[in-house]
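Below, each chain spelled out in residue letters.
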Amino acid sequence: MKLDDLKSLSGETKTILQLFDQHPDRAQAFSASTGDLLFDYSKTQIDADIRTALIGLCDQSNLADRRDAMFSGAKINETEGRAVLHTALRNLDGGPVEVDGLDVMPDVLDTLQRMRVFAEEVRGGTYAGAGGSFTDVVNIGIGGSDLGPVMATHALSPYHDGPRVHYVSNVDGAHIADILRQLDPTRTLVIVASKTFTTIETMTNARTARAWMSEGGGDPARQFAAVSSAMDKTRAFGIPEERVFGFADWVGGRYSVWGPVGLPVMIAVGSNAFDAFLRGAQSMDVHFRAAEWIENMPVMLALVGIWHRQVQGQASRAVLPYDQRLLRLPAYFQQLEMESNGKSVAMDGSTLDVPSGPVVWGEPGTNGQHAFYQLIHQGTDVIPCEFMVAAQGHEPELAHHHRLLLSNCLAQSEALMRGRSLEEARSRMAAKGLDGAELERQARHRVFPGNRPSTTLIYPQLTPFVLGQIIALYEHRVFVEGVLLGINSFDQWGVELGKELATSLGPIVDGEEDTAGKDGSTAALVEYALRHRAE
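Please read all numbers here as calculations on a predicted model, not as lab measurements. (Residues numbered from 1 in each chain as written. Predicted model: local features only at pLDDT ≥ 70, side-chain atom pairs only at ≥ 80, totals over all residues. Heavy atoms only, no water.)

> Just to check I follow, could you spell out the overall build of the protein for this structure?
Across its full length, the protein holds 22 helices and 13 strands. In summary, the protein has a C-alpha radius of gyration of 25 Å against a globular reference of 24 Å for 535 residues, a match within 12%. Dimensions of the protein, computed from C-alpha atoms along their principal axes, come out at roughly 75 × 60 × 60 Å. For the protein, the proportion of its 535 residues judged to be buried stands at 51%. Pairs at least 24 apart in sequence give 74% of the contacts found in the protein among residues at least 6 apart. When the accessible surface of the protein is totalled, it reaches about 23,300 Å², and 51% of it is carbon and sulfur. Averaged over its 47 positive side-chain charges, the protein has a centre that lies 4 Å from the centre of its 67 negative ones. (Helix = DSSP H or I, 4+ residues; strand = E, 2+ residues; numbered from the N terminus. Rg over C-alpha atoms; globule rule 2.2 N^0.38 Å. Buried < 20%, exposed > 50% of the residue type's maximum accessible area, 1.4 Å probe, protein only. Contact = heavy atoms within 4.5 Å. Areas by Shrake-Rupley, 256 points an atom, 1.4 Å probe, with all protein chains shown as cover. Lys, Arg positive; Asp, Glu negative; His and termini not counted. Charge placed at Lys NZ, Arg CZ, Asp CG, Glu CD.)

And the structure:
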C-alpha cells in the first residue's frame, strides 16, 4: 500500500471516542515506551488496520536498511556526498564507526575529553580571564549552532551550577548590545561557533565582541574559544588551536548539540550532566535500532505524523511542552523538521508527489492556552497537537504548581478529543436561564467539534538523560518521515539563495552601488532605507 492508497482508509475512520468505546484497552495498545518514557498516540483516529498499513510503508521504503546505513557511516546525504553521523557523537561505549574506511570514534572521544577538561577548568576557575575566574560565557552562533545549546541550557537550568551562559545569534546589533552591556569584559568567555568560520552573522557578532572585550580591558587572546573546523581562520582571528573544538562535515548543524556545539551547555551543567544527556540520546539510538516497528517510539511518532500530514492533509503541527524550561523546544523542533523535510524534490530528483513536512510551531503550556488554543479547539482547521509533560517537577516545595500544570495538560488533550455537542451547550445555556433564539445563539458559540487528534509524551522528570532521549526521539522521527517520503532530510539548499542575495545587496545597502538590475520593490525599499538612515 502506498501513501495515496491510505487516503481511502481515511474516509472510513471512526471518531476517537468511538475507538475508545470499542476498545477499552486502547491506551495501552496504542502507545510505545522505552525506559521510563511513554508515548501515547491513542487520542488519534489511527485504528489497528490503519496502523498496519502505515507500518507496511516502513518495509516498502526499506527503512531498516536506510537506518542501518546511517548508523554505519554510509553517505546517505547523497546530494552533498556525506555521511550522517550525529549518532557517533553520543556513541560513548559503542563499537567503531567508519567513514571512508577510517574509524571516526577515536577523534570523537578525544574531542569530547578535551571539552570535558576545558569545561571543568572554566567552571573551577583554573582557567580564567584577565579579571579573574569567568562569571559569564557568551556563545555566538546561529541556526544549529545556537538553537540546540540555548534550548538545552534552558531545559537543564536545575543542573546549572557553572558560569552564567548567554547566547547571541541575530546580526541585529540590538541582540549583542543587550547581552554585552550587562557583562564584565575581563571575566567573560566568548565561544564562537561556526563550522566554516565564515557565517556572516556569527563573524560580525564575533568581531563586535572582540572589540568590546579589548576596549574594556579584557584579553581576547585568552578569553575566546571556537567551535569550528577551519583552523586557519580561527588562528587568523587570534584563537589558539588548543581552544578550538572541531567537528566533521558528517554532523549537520541542527544535529550538532551532542558535540562541540554543546560546549556552553557542558560549561553550564558540568561534564557529568552532559554525559548523562549523551547517554539518554544513546539509549534512544539503541531502542530505534532494536525495537520492532510497532514498539519503536521514533517510528510510531513518525507514522502518526505521516498520517496527519500526508494522509489527512493537516498542514500544521503544534508542539506543546507543559514545561517552562522547554520554552525553546518548539523552535528547536521547528528547525529540525522544517529544514530537514521542507523539500519538494525526491531523492532521485523527481518532483515530490505528496505534501512535504508540516509547519511546526508551539509554546509552553499553560501560556499557550491563553494565546492560541482558541483556534486549536474551535478553528476551522484541524491542528494535531503533541503534548509533553513530566510526572513531577524539580521544585518539591511547589509541587502544587506542577499538579495544576499536569492537570491542564491532560485536560487539554481530553477536551480536544471529547469536544462539546450542541445539545450539551444548549443544556448549559438553559441552566443559566436563557431560552428561545438567544439560547440557540449562545449555545452555538459554545460548541466544540472535538475529535481533534493529539499525542502525549510523558516522562518522570526533565533530567539530562530524559532530555537526550526526547531530542534523539525527534531526530529519528524526522529521519523516518524523510525515508517514507523519499527525500533527503540532511541537506538544506533552501537557505542558500537568500544568503547569496544578501551578499550582493550589501554594497547597495551601504550606498556604494546603485540599485540597477534590482526589481522595483527591492530598489524602492533600499532607497527608503538610505533616505532615513542616520549614520
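> Please clarify how helix α20 (residues 464–485) should be interpreted in this entry.
Since one α-helical turn is 3.6 residues long, residues separated by three or four positions face the same way. When the terminal C-alpha atoms of α20 are compared, their 32 Å separation across 22 residues agrees well with the 32 Å that a helix rising 1.5 Å per residue should span. Looking one or two residues beyond α20, the residue adopting positive phi is Gly486, at roughly 75 degrees. (Expected span 1.5 Å × (residues − 1).)

> What am I meant to see in empty space enclosed by the protein here?
With the rule as written, the count across this model stands at 4 cavities of 30 Å³ or more. If you add up the space inside the largest cavity, you get close to 80 Å³. Gly305, His308, Arg317, Pro384 and Glu386 are the residues nearest the centre of the largest cavity, which is lined by 14 residues in total. Of all the secondary-structure elements, those providing two or more residues to the lining of the largest cavity are α14 (297–311), β10 (316–322), β12 (385–390) and β13 (454–459). When residues of the lining of the largest cavity are assigned to their parent elements, the largest contribution, 4 residues, is made by α14. Taken together, the residues of the lining of the largest cavity break down into 5 nonpolar, 6 polar and 3 charged. Residue lining of the second largest cavity: Arg317, Val319, Phe333, Leu336, Glu337, Val360, Glu386, Tyr474, Arg477 and Val478, and that is the complete set. (1 Å grid on protein atoms, 1.4 Å probe; cavity = no way out; pocket = protein on both sides within 12 Å on 5 of 7 lines; lining within 4 Å. Points joined across faces, edges and corners; volume = space filled by probe spheres on them. Nonpolar A, V, L, I, M, F, W, Y, C, P; charged D, E, K, R; others polar.)

> Sorry, what's going on with unusual backbone geometry here?
Note: most residues except glycine have negative phi, and most peptide bonds are trans. Across the junction of Gly365 and Thr366, the peptide omega takes the value 10 degrees, indicating a cis bond. By the element assignment, Thr366 lies in the loop between β11 (359–361) and α16 (373–378). A positive phi angle is found at Asp100, which is not glycine, with a value near 55 degrees. Relative to the helices and strands, Asp100 is located in the loop between β3 (98–99) and β4 (102–103). A residue is classified by how much of its surface remains accessible, and Asp100, at 62% relative accessible area, is exposed. Not every positive phi belongs to a glycine, and Asn451 is a case in point at roughly 55 degrees. Along the chain, Asn451 turns up in the loop between α19 (436–445) and β13. Under the relative-accessibility criterion, Asn451 is labelled partly exposed at 24%.

> What is the right way to look at the environment of Ser344 in this model?
In this structure, Ser344 sits in the loop between α15 (329–341) and β11. Taking relative accessible area as the criterion, Ser344 reaches 52% and is therefore assigned exposed. With 10 residues separating them in the primary sequence, Ser344 and Val354 have C-alpha atoms 8.7 Å apart. Once residues lying within four places of it in the same chain are set aside, the contact partners of Ser344 are Ser350, Thr351 and Leu352.

> Would you mind going over the sheet that holds strand β9 (residues 244–245) with me for this structure?
Either a parallel or an antiparallel arrangement is found when strands of a sheet pair, and the pairing is made through backbone hydrogen bonds. The sheet built from 5 strands is open, its strands ordered β6-β5-β7-β8-β9 with parallel pairing. Pairing within the sheet leaves two strands with one partner each, and these edge strands are β6 (164–168) and β9. As defined by bridge partners, strand β5 (residues 136–140) adjoins β6 across 5 bridges and the pair is classed as parallel. When the sheet's bridge partners are listed, Val137 is paired in β6 with Val165. Each of β5 and β6 touches helix α8 (residues 173–180); the most contacted strand, β6, lies at about 165 degrees to it. (Pairing = 2+ DSSP bridges. Axes fitted to C-alpha atoms, helices over the stretch in contact; angles between N-to-C directions.)

> Is there a simple way to explain the layout of surface pockets in this structure?
It is a probe the size of a water molecule, rolled over the atoms, that shows where empty space is left. In this structure, the largest pocket encloses a volume near 920 Å³. Looking at the largest pocket, it is lined by 35 residues, and the ones nearest its centre are Lys195, Gly253, Gln492, Glu496 and Lys499. Contributions of two or more residues to the lining of the largest pocket are made by α7 (144–155), α9 (200–215), α15 and α21 (496–509). By volume, the second largest pocket amounts to about 520 Å³.

> Explain the packing of helix α4 (residues 48–60) against α14 here, please?
Working note: a packed helix pair is described by the angle between its axes plus the distance between those axes. Packing of α4 against α14 leaves a shortest axis separation of 10 Å and a crossing angle of 110 degrees. On the basis of the axis angle, α4 is roughly perpendicular to α14. Contacts between α4 and α14 involve Ile50, Arg51, Leu54, Ile55 and Cys58 from the first element and Val299, Met300, Leu303, Ile306 and Trp307 from the second. Its residues assigned to classes, the contact of α4 with α14 shows 9 nonpolar, no polar and 1 charged. (Parallel < 35°, antiparallel > 145°, perpendicular 65-115°, else oblique.)

> Would you take a moment to explain the side chain of Thr111 for this structure?
Assignment of secondary structure puts Thr111 in helix α6 (residues 105–124). The exposure class assigned to Thr111 is buried, which follows from its relative accessible area of 14%. Residues in contact with Thr111, not counting those within four places in the same chain, are Gly246 and Pro260.

> Looking at this structure, how should I read the packing of aromatic side chains?
The geometry of an aromatic ring pair is captured by the separation of the ring centres together with the interplanar angle, meaning the angle of the planes. According to the stated counting rule, one finds 18 aromatic pairs in the structure shown. With 5.7 Å between their ring centres and 85 degrees between their planes, Phe197 and Phe237 make a pair best called edge-to-face. A residue pair is termed long-range when its members are at least 10 positions apart, and Phe197 in the loop between β7 (188–193) and α9 and Phe237 in helix α11 (residues 231–237) qualify at 40 residues. Take Phe197: its relative accessible area is 5%, and that puts it in the buried class. One aromatic cluster is present, built from ring pairs that chain together Phe71, Tyr255, Phe288, Phe479 and Phe490. Sitting above the plane of the Phe20 ring, Arg26 keeps its charged end 5.7 Å from the centroid. (Phe/Tyr/Trp six-rings, centres within 6.5 Å; stacked < 30°, edge-to-face > 60°. Lys NZ or Arg CZ within 6 Å of the ring centre and 35° of its normal.)

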